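Here is how the chains run, residue by residue.
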Amino acid sequence: MPRKISEDRKAAYYVGLLLQIFGGLLFGSVFVTFIMRFGDFTDFVGRTRSEGLRAFCGMALMMIGGIIRGVGAKGLAGSGVLLDPERARQELEPYSRMAGGMVRDAMDEARLDLGREPEKVIVIKCRACAALNSESANFCQECGIKL
């Protein structure tokens, strides 16, 4: 299984990202020009059409860029464009490996080791009250009788 993402997928990811950024700037420019020309109604119809078209194109570029970016990040099968589970598993392998690494890091930070045998604890049962006491105890922690 490949451990690295191909150059084609990286290129698609960055092209999609650039389209999203450009679309966001185009869409945001509508609000900036609206604020700058607030109260000016000269050629209102023409400017409204222009700004509406700019907003629509900006949204379209953001959506198209998001789709291209998703396909670039996860591959054709990993993003669901192609229905091939085996290929999807291969394309998503770097992300699966990364998720496993993040779980391992969290377990290390919490000082958990699932591969280790648990340490054995020896306890002594009190004959009088049946309470469990540590092996080093001389007297029962419940009833106080000598063990």
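You'll find the structure just up there.
(A) Molecular detail of the environment of R47. Of note, R47 is situated in helix α2 (residues 44-78). Note on R47: relative accessible area 14%, which makes it buried. In contact with R47, other than residues within four places in its own chain, are R37, D40, F41 and T42. Of note is the side chain of R47, whose polar atom sits 3.5 Å from the backbone oxygen of T42.

(B) Highlighting helix α1 (residues 7-36). Taking 1.5 Å of rise per residue, the 30 residues of α1 would be expected to cover 44 Å, and the 43 Å separating its terminal C-alpha atoms lies within 8% of that figure. Packing partners of the buried residues in α1 comprise α2, α3 (85-91) and α4 (93-109).

(C) Highlighting the environment of T48. In this fold, T48 is placed in helix α2. In the structure, T48 is positioned 65 residues away from D113 in sequence and 63 Å away in space, judged by C-alpha atoms.

(D) View of a nonpolar patch on the surface. Residues L18, I21 and L25 make up a contiguous nonpolar surface patch of about 330 Å² in total accessible area. Along the chain, L18 turns up in helix α1. Note on L18: relative accessible area 58%, which makes it exposed.

(E) Representation of a negative patch on the surface. Negative charge collects at one region of the surface, where D105, D108, E109 and D113 lie side by side. Looking at the secondary structure, you find D108 in helix α4. Judged by relative accessible area, which is 52%, D108 ranks as exposed.

(F) A look at the packing of aromatic side chains. All chains considered together, the criterion is met by 4 aromatic pairs. Where Y13 meets Y14, the ring centres are 5.3 Å apart and the plane angle is 80 degrees; that geometry is what we call edge-to-face. Lying over the aromatic face of F139, K146 brings its terminal NZ or CZ to 5.5 Å of the ring centre.

Parameters at a glance
Residues numbered from 1 in each chain as written. Predicted model: local features only at pLDDT ≥ 70, side-chain atom pairs only at ≥ 80, totals over all residues. Heavy atoms only, no water. Helix = DSSP H or I, 4+ residues; strand = E, 2+ residues; numbered from the N terminus. Buried < 20%, exposed > 50% of the residue type's maximum accessible area, 1.4 Å probe, protein only. Contact = heavy atoms within 4.5 Å. Polar contact = N/O pair within 3.5 Å; in protein donor to acceptor, adjacent residues only side chain to side chain. Expected span 1.5 Å × (residues − 1). Patch = residues over 30% accessible without salt bridge, like charges linked within 9 Å, V, L, I, M, F, W, Y side chains within 5 Å. Areas by Shrake-Rupley, 256 points an atom, 1.4 Å probe, with all protein chains shown as cover. Salt bridge = Lys/Arg side-chain N within 4 Å of Asp/Glu carboxyl O. Lys, Arg positive; Asp, Glu negative; His and termini not counted. Charge placed at Lys NZ, Arg CZ, Asp CG, Glu CD. Phe/Tyr/Trp six-rings, centres within 6.5 Å; stacked < 30°, edge-to-face > 60°. Lys NZ or Arg CZ within 6 Å of the ring centre and 35° of its normal.

All we've got here are geometric facts, nothing functional implied.
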